[in-house]
Amino acid sequence: MKRIITATVQNRGGVLNRITGMLHKRQFNIESISVGASETEGVSKMTFVIDVSDNQSLEQLTKQLNKQIDVLKVSDITDKAIVARELALIKVTGSGQLRSEIQGIIAPFRASIIDVSKESLTIQVTGKPDKVEALITLLKPYGIKELTKTGVTSFLRGQQPKQVTELNSYSI
Amino acid sequence: MKARHEVEQHTNEVVTGADVLIDALVDEEVDTLFGYPGGAVLPIYDAIYRSQASFKHVLSRHEQGSIHAAEGYARVTGKPGVVLATSGPGATNLITGITDAMMDSLPLVVFTGQVANSVIGTDAFQEADVLGITTPITKYNYQVKNVSDIPKTVKEAFHIATSGRPGPVVIDIPKNISSTVELDQLEEEFSLPGYQPTTQPNPLQIVKLADALKNAKRPLILAGAGVTFAEASDQLKEFAEKYDIPVTNTLLGLGSFPGSHSLSLGMAGMHGTYTANMAIYECDLLINIGARFDDRLTGNLKHFAPKAKVAHIDIDPAEIGKNVPTDIPVVADAKETLQALLNTSIEKPDHDEWQDELQANKTNYPLWHDRSNELISPQWLLEQIFNESNGEAIVTTDVGQHQMWAAQYYQFDKPNRWVTSGGLGTMGFGFPAAIGAQFGAPDDLVVSVVGDGGFQMTFQELSILKERNLPVKVIILNNEALGMVRQWQESFYDERYSESIFSSQPDFVKLAESYGVRGLKVDKEEDVVEMLQDVFAYDGPVVVDCRVVQQTSVYPMIAPGKGIHEMIGVTK
């Protein structure tokens, strides 16, 4: 099962290496990882999408992340009300009338064309992973020359529905 | 922040980053530094030479010797072992020991030299990516970027190494930092918002555990090294006695509960006692205190404590539920938890039937071994070592048959007397660890029980015995083979002894003598007791080459993949 896990970490040397090294050593499969500054200086925010086999390994995952000395807080937000976005850049072969056809396809996805050359155009799409994936699937027949994704970044919505309970709170 | 320390007292007026480092070590009350010099640590060695530092430096003959010695020192004293090595090969020679310490939760603070900052990343002479290499095998690691950070970094490193679940910390010091003439204000204070180990147990969990204990008919305590680290042996004894609960130990937990106590079932696990393993199989409440349910303990997890409610007390939350599903998790220090349990009034349960059953197992299925051969029986030899040292020695071992026999036959009544490589299973650990143990406990008898294979990996440290007249007694169980490998080849590979028998051996007596150390050889059982009396009474180092039977196996045993109740070799 895919889980979206966020971690706030102290911005010290080697912190990314420490975390990805631990995930690799303990055989966790990272689907995506995104890292960047947070609202606090010296603190970074990481968002992982990780495929885990069961609850026991999910529990291990959050505990091992928490165990890292530079990690301040770990949350599994998969089952909460969240905003989650990733960005993809897709370079598609296309000229002439194909361009307008592609434009018609991407419009409902609120994607935009951000670069055009003689033989290709580059599309930028932002959204949840399934939306991005759906657009990629639609564009495949046109010939994707290049594709890059940022990985998911995410946090909780300002308001949580009441019934949602903490799934993996293990601090006792 | 503070002004420059008492560094002015140094004989030389120049104060460098290295001098600041030495002061930081003095501040941490380091009394012994295990190390080996080299290019990138020349400024640090120069500072040691110039300073009148209150600690002694122990020069090994290989960095692996330094780090295992530091581990032995840490195990016996409970204080962090401190190591210094140079960059590149000096640092990489430490890797086995750092990993060993990580696996067995030993507090170490390891300083490695590094090439100057200006050439880091250029594949400079004796450059190695020590941070990259040691990240997965340390609790934490650093590279010092500014001289002013040295005091803060050292303080933080000692704090991390010794608090919570102990472990090794590496500080990598580029040569330009150690040689920089200090001008800046020094940073002293550190803050670690992401590291706050929980030491106090949650009262609700204590109630749950007390409740489970009240209702248990067949409770069992499994005591690991966490009890020793927490200095909780007295509380454990009081708790076990108060509620009449039998106690079994992990390999590394030996000594945390007196082995001679009537409630002690001995060691559990692959080569544990039948009584201990069957107690785990049959118990209805298993209280794990400071053990990590290692695979050599549990055997096949499907059959591990199948009838039991499992309570797990551990200071490291990540250990709970890692291998064995836990009903009552308690994240806390072992001593605090046992104290909280002792302060809770629990109705005293009646376990007579359970105790009778265990007692019958103890009587009917004791450890056994053969004594029919012309050479010395190794198990019997361990018994004699126990008898002749009155059970009061500090015993160190490598890994393998001799280690298991020592664990089985040397009964530890006190903590911090048993120094062995458990998690990593490191050959060559025992002898240098004994050196560190002797530095940590100068007045105690330190016996290093090693195999002929393992001893040959680190015997160069015999130099230290001579140099310091360190009275370590090395007992080599020499079976001219890699005993445990040979045993597994006999049992599981149809006696195909692939590369496990040594066809050539050094003369260990001459070897010892060439280092200026007394060497003895014994190959008859009738000479053993007299030899041991002589060796233990001798005021100085001795190496004894004991020729023991090769064709003998460690029993009883849980074969790989089997359950804890499926021991083989339980009786003759």
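Model, not experiment: these values are computed from the prediction.

(A) How the structure looks around the overall build of chain B. Scanning chain B from terminus to terminus reveals 23 helices and 20 strands. Taken against the 2.2 N^0.38 rule, which gives 25 Å for 572 residues, the C-alpha radius of gyration of chain B at 25 Å falls within 12% of a compact globule. Principal axes of the C-alpha set define a box for chain B whose edges measure 75 × 60 × 40 Å. Put simply, chain B has 572 residues, and 56% of those count as buried.

(B) Fine view of helix α5 (residues 95-103) of chain B. Residue and element names in this part refer to chain B. The buried count for α5 comes to seven of nine residues, which makes it a mostly enclosed element. Within the sequence span of α5, burial applies to T96, G97, I98, D100, A101, M102 and M103. Buried residues in α5 make contact with α3 (63-77), β4 (108-114), α6 (130-134) and β6 (168-174). Directly beyond the C-terminal end of α5, a positive phi value near 55° is found at S105.

(C) Highlighting the sheet that holds strand β5 (residues 140-143) of chain B. Residue and element names in this part refer to chain B. If you walk across this open sheet you meet the six strands as β2-β1-β3-β4-β6-β5, and the pairing is parallel. The open sheet has two edge strands, β2 (56-59) and β5, and neither has a second partner. Across the sheet, the mean angle from the axis of one strand to that of its neighbour is 20°, orientation sign disregarded. Pairing between β4 and β6: seven bridges, direction parallel. Looking at β6, one finds that V110 is bridged to V170.

(D) Summary view of the UniProt feature "domain: ACT" (unreviewed entry) in chain A. Summarizing the sequence annotation, UniProt attributes the feature "domain: ACT" (unreviewed entry) to residues 4-79 of chain A in the numbering used throughout. End C-alpha to end C-alpha, residues 4-79 of chain A measures 9 Å, and it is 32% helix and 41% strand.

(E) Seen up close, the interface of chain A and chain B. Counting residues at the interface gives 19 residues for chain A and 18 residues for chain B. At the level of secondary structure, the elements contributing two or more residues to the side of chain A that touches chain B comprise α1 (15-25), α2 (55-67) and β4 (71-76) of chain A. Sort the elements by how many residues they give to the side of chain A that touches chain B and α2 of chain A lands first, with six residues. For the side of chain A that touches chain B, a count of residues per class yields five nonpolar, eight polar and six charged.

(F) Representation of the nonpolar core in the model. With 180 residues, the main nonpolar core has V83, I280 and L286 of chain B as its most contacted residues. Residues within four places of I280 of chain B in sequence aside, it is in contact with L220, T248, A268, L286, F304, A305 and I564 of chain B.

(G) Up close: the environment of V130 of chain B. Residue and element names in this part refer to chain B. Tracing the chain through its elements places V130 in helix α6. Judged by C-beta crowding, with 26 C-beta atoms within 10 Å, V130 ranks as buried. When the C-alpha atoms of V130 and V170 are compared, they prove to be 8.7 Å apart, with 40 residues separating the residues in sequence.

(H) Quick look at the pairing of strand β13 (residues 394-397) of chain B. Residue and element names in this part refer to chain B. Here β13 shows a buried face lined by I394 and T396 and a second buried face lined by V395 and T397. Bridging between β13 and strand β15 (residues 446-451) involves four bridges; their strand directions are parallel. Looking at β15, one finds that T396 is bridged to S448. Handedness of the crossover joining β13 and strand β14 (residues 418-419) through helix α17 (residues 401-409) is recorded here as right-handed.

(I) Here's a closer look at the environment of Y73 of chain B. Relative to the helices and strands, Y73 of chain B is located in helix α3. Apart from residues no more than four positions distant in its own chain, Y73 of chain B is found in contact with T32, G81, G436, A437, F439 and G440 of chain B.

(J) Just the pairing of strand β2 (residues 29-37) of chain A, in detail. Residues and elements named next belong to chain A. Relative to strand β3 (residues 43-51), β2 is paired through eight bridges, and the arrangement is antiparallel. When the sheet's bridge partners are listed, A37 is paired in β3 with S44. Between β2 and β3, which pair antiparallel in sequence order, lie five residues; one of them, G42, sits at a positive phi of approximately 85°.

(K) Structural context of helix α15 (residues 352-364) of chain B. Residues and elements named next belong to chain B. With 13 residues, α15 extends 18 Å between its outermost C-alpha atoms, agreeing within 8% with the 18 Å of an ideal straight helix rising 1.5 Å per residue. Of all the positions in α15, only W354, L358 and N361 are classed as buried. Mapping the buried residues of α15 onto a view down its axis gives an arc of 55°, with all of them on the same face. Opposite its buried face, α15 presents the exposed residues D352, E353, D356, A360, T363 and N364, each directed more than 90 degrees away. Looking at the buried side of α15, the elements it contacts are β9 (264-267) and α12 (274-282).

Reading the values: rules and limits
- Residues numbered from 1 in each chain as written.
- Chains lettered and ligands numbered in written order.
- Predicted model: local features only at pLDDT ≥ 70, side-chain atom pairs only at ≥ 80, totals over all residues.
- Helix = DSSP H or I, 4+ residues; strand = E, 2+ residues; numbered from the N terminus.
- Rg over C-alpha atoms; globule rule 2.2 N^0.38 Å.
- Buried ≥ 20, exposed ≤ 12 C-beta atoms within 10 Å, placed from the backbone.
- Contact = placed C-beta atoms within 7 Å.
- Pairing = 2+ DSSP bridges.
- Axes fitted to C-alpha atoms, helices over the stretch in contact; angles between N-to-C directions.
- UniProt positions renumbered as here; feature names shortened; annotations may be inferred.
- Nonpolar A, V, L, I, M, F, W, Y, C, P; charged D, E, K, R; others polar.
- Core = buried A, V, L, I, M, F, W, Y, C linked by C-beta atoms within 7 Å.
- Right-handed = clockwise from strand over helix to strand, strands pointing away.
- Expected span 1.5 Å × (residues − 1).
- Arc of directions from axis to C-beta.

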